[in-house]
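Here are the chains, one letter per residue:
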Amino acid sequence: MSNFQKLIYGLGGLALFLSVFSILIISKSTLFPFIVGKYVFFRSMVALAATFYLILVLSGWRFKPDRFSFLKNPLFIVVSVFVLMFFLAGVFGVDFKNSFWSNFERGEGIFAMLHYFLFMVMGLLFLERDKDWENLFKASIISGILMSFYGFAQKLDAPGVVNIGVGWFGRMQASLGNPSYVSAYLFFASFYAIYLLIQKNDLVKKFSWERVFYGFSLVIFGFSFIFTETKGAFIGLGLAFLVGLVYLLFKLPKGKLKNYSISAAIFVLLCAGFLFTFRENEFIKKLPASRVLYLSLNERSAQTRIWTWGSAWNGFLEHPLFGWGPENFSLAFDKYFDTRHFEGINIPGETWFDRAHSVFFDYLAETGILGIISFLGIFVLTFWAVFKIKFNNIFQKTFALALPIAYLGQGLLLFDVLPIYINLFLFWGFLIYKSSHKPVN
C-alpha cells in the first residue's frame, strides 16, 4: 500500500468514526434543531467514507478476497433483504417521493436507510481488526457521555443549551430532543462500555484507567437513563434483564460466580418489587423516574397508542404485501382515524400521529408483510450470530444476547430514528464481522 493509499484509507476510517458523533449536533438555525444537522452530518460522513473507498479502488488497491466474506454471512444477507424490502415498499407504496426523501421533521425514509446500510458496509470494509471495532465503540461511548452532559446542562437550565421545557423536574432530552431516543441510545452505549470493560477476564485483579473510564461512563449512562423516565425503555430493560438472567443460570457452572450472580439478581428484583409495591409513598413518588412505576393500559398515552395501532392494522389490511411505503403512515392513520382520539379532548394527549409508535406496527403498516418478516428475520439471525461468535467470556455473550431484547422491548412503544438506526447497523455490522472472520487483534 502506497503512502497515498494509506492516507485515503485512514481518512475513510476517520469519516466513519466522526459519523457516530452526529448525535451531538444541534442546528439552532433550522426549524427542527434536533433533526436536520444530525442527518446532514451523518450522511456527509458516510458519503465521504464511500468516496474514499472508491478512490482506493480506482488507485489500484485491492482488498484481500477474505475481506468480502461478509457478503455470504446470513445476517448480512437478511439485513440486505430488509433494506431491499424497505425500498420496494416505497416503490409500490402510495407516495414514492415522500418515502424516498421523507421530510425535515423526521429525516428518515429510503434515502436515509441507504445511508445506514452504507455505513454498515463501509465499516465491514474499513474496520479489519477487533481493535478497529472497539475503537468505534469507544467513539460511541464518548459521544454518549457528551450527549448525557448536555442533558445534565438542560436539567440545570445552563445558559446556551437548547432546552425545551426540561428543567430539573423534566424528562432529560439531551442533544436528541426526545427522552425516548436518549434511553434507546443508552442501551447500545452501555453495551459498548460493558463489552470493553469485561473484554479481559482479570477485571478484579488488574487495574487500568481505561476500565475506570468505562465504569465512569456506565455511571453517567445510568443516571441519564433514569432521568429520561421512559416507560418503554424500562420495559425493555426488564425483559433484557430476565433473558440475561435465565441464560446465566443455565450456562454458569456451579460456584461462587453463579451464587454471586443469583444474589445480585434477587437483590435487583426485590428492589424493583419494593418500589412498585410502595409507589404511593410520598418519598418514592419524589424519586427520579418514579413515573415508570405507574404502568397502565388505561393511561391516556397508552390508549392513544392502542388506537393508533388499530389504524396501523387496518392500513396493513388494505396494503398487506408492501404496505403504504416508508414515511406514509400518516396517510393510513388519517384514512383509518379512530374517533376515540377526540374523547376527553381537554385531557393531555395526541390526536394525530405520523408514526405508529411501535417498530412492529410501523414496519407492518409501512412495509407490509414482506417488510416485517425480513425485519424480524434480522433478529433471528442476530441471535444466531451471537451464539456462533466465540466471545471472551460468558458475560459478553449474555449482554450481546440481552441488547436486542432490550431494543425490541422498548420498540413496542417507540419507532426507529437516526440515533437508534446508527447503533442498530453498527451492532449488526460488528456481529457480521465477528461471525465472518477469525479474530484479529
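Residues numbered from 1 in each chain as written. Predicted model: local features only at pLDDT ≥ 70, side-chain atom pairs only at ≥ 80, totals over all residues. Heavy atoms only, no water.

(A) Geometry of the confidence of the model for the chain. On average, the chain scores 90 in pLDDT, and the residues at 70 or more come to 95%. By mean pLDDT, the top-scoring element of the chain is helix H3 (residues 74-91) (98), and the lowest-scoring one is helix H11 (residues 282-285) (74). (pLDDT = per-residue confidence, 0-100. Helix = DSSP H or I, 4+ residues; strand = E, 2+ residues; numbered from the N terminus.)

(B) How the structure looks around the side chain of Thr398. Relative to the elements of secondary structure, Thr398 occurs in helix H15 (residues 394-411). In this structure Thr398 comes out as buried when scored by relative accessible area, which is 5%. Setting aside anything within four residues of it in sequence, one finds Thr398 in contact with Gly244, Tyr247 and Leu248. (Buried < 20%, exposed > 50% of the residue type's maximum accessible area, 1.4 Å probe, protein only. Contact = heavy atoms within 4.5 Å.)

(C) Structural context of the environment of Pro404. Here Pro404 is to be found in helix H15. Given the relative accessible area of 3%, Pro404 is considered buried. With 25 residues separating them along the chain, Pro404 and Phe379 place their C-alpha atoms 7.4 Å apart. Those residues in contact with Pro404, other than ones at most four positions away along the chain, are Phe379, Thr382, Phe383 and Phe427.

(D) Region of interest: helix H2 (residues 36-58). For H2, built from 23 residues, the straight-helix expectation of 33 Å at 1.5 Å per residue is met to within 8% by its first-to-last C-alpha distance of 33 Å. Phi turns positive, to about 100 degrees, at Gly60, one or two residues after H2. (Expected span 1.5 Å × (residues − 1).)

(E) Inspection of unusual backbone geometry at higher detail. Its identity as a non-glycine residue notwithstanding, Ala174 has a phi of 55 degrees, on the positive side. Examined against the element boundaries, Ala174 turns out to sit in the loop between helix H6 (130-155) and helix H7 (179-197). The phi torsion at Glu229 lies on the positive side, around 50 degrees, for a residue other than glycine. Turning to its location among the elements, Glu229 is positioned in the loop between helix H8 (209-228) and helix H9 (231-251). For Glu229, a relative accessible area of 13% puts it in the buried group.

(F) Spatial organisation of the pattern of salt bridges. Enumeration over the complete set of coordinates arrives at seven salt bridges. One salt bridge in this structure joins Arg355 and Glu327, with 2.8 Å as the shortest N-O distance. Here Arg355, found in the loop between helix H13 (329-335) and helix H14 (359-388), pairs with Glu327, found in the loop between helix H12 (300-318) and H13; they are 28 residues apart in sequence, far enough to count as distant. Taken as a pair, Arg355 and Glu327 share a single burial class, namely buried. A salt bridge links Asp338 to Arg340, with the shortest nitrogen-to-oxygen separation between them at 2.7 Å. (Salt bridge = Lys/Arg side-chain N within 4 Å of Asp/Glu carboxyl O.)

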